[in-house]
Every structure is written in structure tokens, then in C-alpha cells.
Amino acid sequence: QVQLVESGGGLVQTGGSLTLSCVASGSIETINTMDWYRRAPGKQRELVASTSRGGTTYYADSVKGRFTISRDFAKNTEYLQMTSLKPEDTAVYYCNANIYTFAHGLRDYWGQGTQVTVSS
């Protein structure tokens, strides 16, 4: 069984910073992409940032230059460093990973989400 557990969310003022973490555990053979999504109140879920196994990264236009995604392969962990936070960054942030296990093959797994609230 694979689990993704996020941490690091919280309340921060405009202009502040937070770093989210996501740890993948279980019978993992390979982790391909690891992503961060978010869902703001009344809005659809959106892809915020993504990183491939080879190191290619993607950022939504709304976070470019402010957010940085990174991975620690040895710890099966991804991070999202968020700086210059704005009220519009307020959302529940979800970790997603494309993981291969012998039991279930290749599939996507999701974390439970962590709330980020940016006060104005």
C-alpha cells in the first residue's frame, strides 16, 4: 500500500513563505513524476508544479518565479517552496505522484491535502 502524506501548510501573511513537504511510503519500486495541485474555494483543482524523474520541472504561470518544486529521491519526498505568497494562493494543496509498485503497476496516488491560507 502506498501513502502520500503532506505537511507544512498553515496561515501566513501576504508576502510570506511556506514550504510544503510530501513523503511517499509503502512498497514503492519507482516514482516517476511528482506534482503539486491546489484547489481554491469555488474553483477547480489546478496543477501548480510538477517534476519528472529526470529533473524536468513545470510551473503554472501564476506561481512562476515564486514557487520552487524539488525532490529528494533517497527519501521519496518532494517539496514546494512558496515565497511572496498572495491571498489568491489560498487553497488546499495536494501532492500527487506517479508510482510503480509490483502489486498495482503504474498509477497515480494522492495525498490528503494540506491547507494554505494567506491573509491580506
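Residues numbered from 1 in each chain as written. Predicted model: local features only at pLDDT ≥ 70, side-chain atom pairs only at ≥ 80, totals over all residues. Heavy atoms only, no water.

**Some thoughts on the state of the cysteines**
Note the cut-off: Working definition: a disulfide is two cysteine sulfur atoms within 2.5 Å of each other. To qualify as a helix, a DSSP run of H or I must reach at least 4 residues; to qualify as a strand, a run of E must reach at least 2; elements of each kind are numbered from the N terminus. A simple rule labels every residue: compare its accessible area, found with a 1.4 Å probe on the protein chains alone, to the largest value its type can have, and call it buried under 20%, exposed over 50%, or partly exposed in between.
Across all of its chains, the model carries one disulfide by this definition. Residue pairing for Cys22: its cysteine sulfur links by disulfide to Cys95, the two sulfurs lying 2.0 Å apart. Note on the Cys22 and Cys95 pair: the S-S dihedral is about -75 degrees, so by sign convention the disulfide is left-handed. Here Cys95 lies in strand β9 (residues 91-101) and Cys22 lies in strand β3 (residues 18-25), a separation of 73 residues in the sequence. There is no split in this pair, since Cys22 and Cys95 are both buried.

**Let's talk about the environment of Gly15**
Residue placement: Gly15 occurs in the loop between β2 (10-13) and β3. On the accessibility criterion, Gly15 (47% relative accessible area) is partly exposed. For Gly15 and Ser120, which are 105 residues apart along the polypeptide, the C-alpha to C-alpha distance reads 9.1 Å.

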